[in-house]
Number of protein chains: 2
Amino acid sequence: KANSGHPGTAMGLATASYVMWTKFLKFNPRDPQWPDRDRFVLSAGHASVLLYSLLYLTGYDLTLDDLKNFRQWESKTPGHPEATHTPGVEVTTGPLGQGFANGVGMALAERFLATLFNRPGHNIVDHHTYAICSDGDLMEGVASEAASLAGHLKLGKLIYLYDDNKISIDGSTGLTFTEDVGKRFDAYGWHVQRIDGMDAEAVANALAAAKAETSKPSLIIARTHIGYGSPKYQDTAFAHGNPLGEDEVRATKQRLGWDPDAHFLVPDEALAEWRKAVDRGRAAQDEWERRFAAYAREYPAEAEMFRTGMSRGMPASWDADLPVFDPGDKPIATRAASGKALDAVAKRVPYLVAGGADLTENTNTKISGETDQSAENPSGRVLRFGIREHAMGAMANGVLAHGGVVPVTGTFMVFSDYMRPSIRMAALSNLGAIFVLTHDSVGLGEDGPTHQPIEHLASLRAIPGLAVIRPADANETSEAWRVAMERRNAPTVLALTRQAVPILGRAQLAPASGLRRGAYVIAEAEGGAPDAIIIATGSEVAIALDARERLAAEGVRARVVSMPSWELFAAQPQSYRDEVLPPAIKARVAIEAASPFGWERWVGSEGRVIGINGRFGASAPYAVIYEKLGLTADNVAGQVRELLARSAPARR
Amino acid sequence: KANSGHPGTAMGLATASYVMWTKFLKFNPRDPQWPDRDRFVLSAGHASVLLYSLLYLTGYDLTLDDLKNFRQWESKTPGHPEATHTPGVEVTTGPLGQGFANGVGMALAERFLATLFNRPGHNIVDHHTYAICSDGDLMEGVASEAASLAGHLKLGKLIYLYDDNKISIDGSTGLTFTEDVGKRFDAYGWHVQRIDGMDAEAVANALAAAKAETSKPSLIIARTHIGYGSPKYQDTAFAHGNPLGEDEVRATKQRLGWDPDAHFLVPDEALAEWRKAVDRGRAAQDEWERRFAAYAREYPAEAEMFRTGMSRGMPASWDADLPVFDPGDKPIATRAASGKALDAVAKRVPYLVAGGADLTENTNTKISGETDQSAENPSGRVLRFGIREHAMGAMANGVLAHGGVVPVTGTFMVFSDYMRPSIRMAALSNLGAIFVLTHDSVGLGEDGPTHQPIEHLASLRAIPGLAVIRPADANETSEAWRVAMERRNAPTVLALTRQAVPILGRAQLAPASGLRRGAYVIAEAEGGAPDAIIIATGSEVAIALDARERLAAEGVRARVVSMPSWELFAAQPQSYRDEVLPPAIKARVAIEAASPFGWERWVGSEGRVIGINGRFGASAPYAVIYEKLGLTADNVAGQVRELLARSAPARR
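These figures come from a predicted structure and were not determined experimentally.

Here is what the cut-offs are and how they apply
Residues numbered from 1 in each chain as written. Chains lettered and ligands numbered in written order. Predicted model: local features only at pLDDT ≥ 70, side-chain atom pairs only at ≥ 80, totals over all residues. Heavy atoms only, no water. Axes fitted to C-alpha atoms, helices over the stretch in contact; angles between N-to-C directions. Helix = DSSP H or I, 4+ residues; strand = E, 2+ residues; numbered from the N terminus. Parallel < 35°, antiparallel > 145°, perpendicular 65-115°, else oblique. Contact = heavy atoms within 4.5 Å. Nonpolar A, V, L, I, M, F, W, Y, C, P; charged D, E, K, R; others polar. Polar contact = N/O pair within 3.5 Å; in protein donor to acceptor, adjacent residues only side chain to side chain. Buried < 20%, exposed > 50% of the residue type's maximum accessible area, 1.4 Å probe, protein only. Pairing = 2+ DSSP bridges. Right-handed = clockwise from strand over helix to strand, strands pointing away. Least-squares fit on C-alpha atoms with pLDDT ≥ 70 in both. Buried area = accessible area lost by both parts, 1.4 Å probe. Salt bridge = Lys/Arg side-chain N within 4 Å of Asp/Glu carboxyl O.

Caption draft 1: Quick look at the packing of helix α7 (residues 181–188) of chain A against helix α7 (residues 181–188) of chain B. Look at α7 of chain A against α7 of chain B: their axes get within 8 Å of each other, and the N-to-C directions meet at 170°. Regarding the angle of α7 of chain A to α7 of chain B, the classification is roughly antiparallel. Facing K183, R184, D186, A187 and Y188 of chain A of α7 of chain A, the residues of α7 of chain B in contact are K183, R184, D186, A187 and Y188 of chain B. Each residue belonging to the contact of α7 of chain A with α7 of chain B can be placed in one class, and the counts come to four nonpolar, no polar and six charged.

In structure tokens, the structure reads:
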């Protein structure tokens, strides 16, 4: 009815998914949030119509009318599955490979939670993660990364059915994808089976064998037929992304022994059979609730902590130990301050895990005193992702989608590009991911342009729903952590320096808690209303403060605004924004060691931006780079002087 | 001396690279651009000191002083190898996995050129692509994608030495990387050998065997020892990213039988031995030049075409067939117009190849009438990358770095995120990549938010050196192709619609050739100086023109500016920019079906931007989405009216 969509995959997967959903998957359609349900990921998100059908048939809150509204404005059945939108959809999928890696994160979360909360005789966390994935998923690099890691971690409760239909949009997989997938997954340490995916019994046997193999993740290579039943289009690329057309739909129904005139027909007896899932699910959850009640009596604190985590909450006083840094101490990189904040939070939040993409120490995302997560040590809270940024991002999303665990991930800011599709998915799916991106400017120095972010702050700020926070010093970093941890339904980037920056003297300056409003007057102009405003973020705030002093010595009154987060500031009421950046003050200079892209928003048509314009960075000690690129207090002061001379010649 | 860097990998690879560079690699240090040289990629770019040493020792234009200036401002020896910066560096590397995939592109280019230009008895293109890659390279998904494709394409002249040193920054590869790499590459269809990488003879034998195997790419898994020779740090993660320190450098030299007091010591006899590469290289190139001269006599046109391609030039009249579209014809998607332009160019430029990441038809990057590139059909000009955007981008960079071939690649704009690290590398390396990004807005309709770019235009515009061109109609699309093809030293994004847009009537409007200046007045206000300016890009230009007519009917004079490319416009002289956007006209409304991020630059503090702010897209027919999100002529006209009412109340 939608006259668009991807019918073929859904048709080919009908048999296998019927078996999976009626004989294996543990779920309660009436409570999609039941914590101990099996997780199901349709990594091949384009087959959304399959998932919606399964949800409808098994009794989720989805009607036949919802199915009829497939791909229409505000319907519950959008073109690709959206987790926050449709009950029973665990993760948003469509961009291939993401769901595959999400599932690995889910299985990791399950094992970690089981280790953290289960007690002898109390198995309150014990479920599987199932996924259906496509050729496209397996071609994408993010899935390769996640598969290698899943094998390494021996995630035995991960069961993937690979829809081996030999067709992608361009045509036969023979065009591009002739590798031996089974052998590859064997090399990763997976349990691999090859079956006829149209044979219900074979599917059931394979799923049972996959469950029985608990020391390895399982891949079931299921040979299926895209567009199954369509006389004209079965096993063709046409069936992938095109509606079959009215005639062929009729012909297909005829071929399959169905009434060609019936539309959206679900015979009562079939529906009744499917809907047994409701009772089955309710009984399973009831049984679990009884067990959980017993657990809660014996381990009330643990039960409470589990509930808090699963509801995206935070334990009381979680932020009590967040460090306060003394300006008397020597300069410290904000990445180092971040490490201390992370340690303080981790102590209070047992369900927080953290790690990095082979830069765990460098990004200070290794929780002090904690051990590495592994098959042998599943309670380990330090996640080692290897040099696999993309899988890291997508797995973190999976951990969050599973629920109950807060993952923190770290890499160099420049490599956020590698995981950008997952950062976007976090924002689109309302997931409270915390991305620690260090080495956040040319200030990283000698590693040079390949490692120096230039356009990254702008390009991250452009992602809707993501908050980018670039704290000025150690104390703003503590505050940034407070904000990031509170954002349980939206992702946050912490942009942190490699190089040491001074701990700002808050006795003279405004308190770091101003960070939470996105921007604040950190140093007011002295001796009267400001002539000019200097806006800075991160490591450049100290430069701005320096410039302010130089100008003050000449009698120029400059206000300095620390603006760690555009997004948080933009969310403030206009009155506050006008207080910080009074519209009447047009002489504004912004400084940020990055592309000036987008800064016109804050400096206005008459302002200036000191950034890195139209070029990449350079390999040299960082102080040299700052000097050569004009990221200096002298330059800031000079630009302010020029602006004032231009705008008010009479005044000088 | 730099007191930073990655010495360990270089030390472990000394033996293997000595063998490769003195016994196998074909190159002429005195002409790094010799077309038939073997290509060498140091995918493990952090070991740059190894490459610089090899370049110095073999006689490239690099001095001992350059080595001493390692990682200093404007030195020839930056932290990571930069292709445009240091003679003999083929590709910029550092971000892991990129070099691996670049090499696959190089080998593809070699085979294609050999098929295109070689003639019986004239083997003018016949060289190998070598690479050294690290654990990190093999963990990255982009390398997995490229490896699978290289196996599929049976690129038999690709020889990779994998530096299997069991160490990455975080520690032992046992932490995260325990897969069976050899078996995985075997599954991809590679020829796999396992050797002791510290054994020169074993390395030589393996390289010889790899050369002998011409039907498959080769992976030599060479067990090496990071920090080889260092008593304290050999085989430790410390040796990866830290200078050893003075004492340990002394101890290492002692252990290796070297004078501990000597710095930058290259004994004359050793240098003389290495420098034989100069004579060897000159002789090899001389011999090739003689053969090429013979070829040129027999096949002058082919020789000329080869030279033109290798020098990043274009054949005469390459753009003669670029289509001109008739406004009388019915609306046509710019992606469709782009397909016609591509066909027209491809006909004239035999060394142009094009393809897509399983969206070859959808992005119209299939050259009409041409066949698929494959092992069996190496002259095929249609590249099928499979669902591997990242490898596509990195391979295109490799094709360009090889030289002689212009690659065009296509995917949906939203999936540019998957290849973003490669887009950045193209810009950083001055490579004239052409990225065809279609389905460029919510205008793609039903596929919904996972497939609808919102922040992508902004985030691509933020990349230094990249030109983003979003043509308004079919004729602007032709012009966009002209610009993109001319940009042989910088990458270009063509942002194209899925949906049909009208072919604008150029009899009434300014010619599409205005595109080349980035922005132009496509429709002047009627009846006097403009009251307001409406700025639009791509599919929204037609909406802007519609708004202008509505306003004209009310006596409001609005100029419409088509602004297909910010970057091209920003490169114009101020006088032209002021002509198009006169500073005095403050009433400006921009419309673009994307995040408004950055548009303040053009509309100024008093202007308005109609875009998609703070949200993602939606799944619905596209006309519904445009209406619901206010991307309409009505809204544009309304905003103009409001601005004029506000700015000039006396006037109304």
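Caption draft 2: Fine view of the side chain of S75 of chain B. Its location among the elements puts S75 of chain B in the loop between α3 (64–68) and α4 (98–117). A polar atom in the side chain of S75 of chain B sits 3.0 Å from the backbone oxygen of N69 of chain B.

Caption draft 3: Seen up close, the pairing of strand β12 (residues 434–438) of chain B. All names here are of chain B. Burial analysis of β12 places five of its five residues in the buried class, which makes it a mostly covered element. Covered by surrounding structure in β12 are I434, V436 and T438 together with F435 and L437, the residues of both alternating faces. In the sheet, strand β11 (residues 406–412) pairs with β12 via five bridges, with the strands oriented parallel. Paired with T409 across the bridge in β12 is F435. Running through helix α15 (residues 420–428), the crossover from β11 to the neighbouring parallel element β12 is right-handed.

Caption draft 4: Local environment of the relation of the copies chain B and chain A. Superposing chain B onto chain A takes a rotation of 180° combined with a translation of 0.0 Å along the rotation axis, leaving an RMSD of 0.0 Å. The superposition of one copy onto the other is thereby described by a two-fold rotation axis. Both copies present the same face, since 99% of the interface residues in chain B are matched by interface residues at the equivalent positions in chain A.

Caption draft 5: Fine view of the side chain of T409 of chain B. Tracing the backbone shows T409 of chain B in strand β11. Beyond its immediate stretch of four places on either side in the chain, T409 of chain B contacts G355, T365, F385, M392, A396, M419, I434, F435 and V436 of chain B.

Caption draft 6: Looking closely at the interface of chain B and chain A. In this complex, chain B contributes 98 residues to the contact, which on the side of chain A involves 97 residues. When the buried surface of chain B facing chain A is broken down by residue, W73, R424 and F597 of chain B rank first, second and third, together holding 11% of it. On the surface where chain B and chain A come into contact, there are ten salt bridges. The shortest N-O distance in the salt bridge between K183 of chain B and D186 of chain A comes to 2.8 Å. Going through the elements one at a time, α5 (135–139), α6 (141–153), α7, α14 (389–402), α15, α16 (456–461), α21 (600–603) and α22 (622–628) of chain B are the ones with two or more residues in the side of chain B that touches chain A. Looking at side-chain class alone, the side of chain B that touches chain A contains 37 nonpolar, 34 polar and 27 charged residues.

Caption draft 7: Just the pairing of strand β19 (residues 588–591) of chain A, in detail. Residues and elements named next belong to chain A. Of the two faces of β19, the one holding R588 and A590 and the one holding V589 and I591 are both buried throughout. Looking at chain direction, strand β17 (residues 532–536) and β19 are connected through four bridges and run parallel. Bridging across to β19, I535 finds its partner in A590. The sheet contact formed by β19 and strand β20 (residues 608–610) spans three bridges and is parallel. Across the sheet, A590 pairs through a bridge with V609, a residue of β20.

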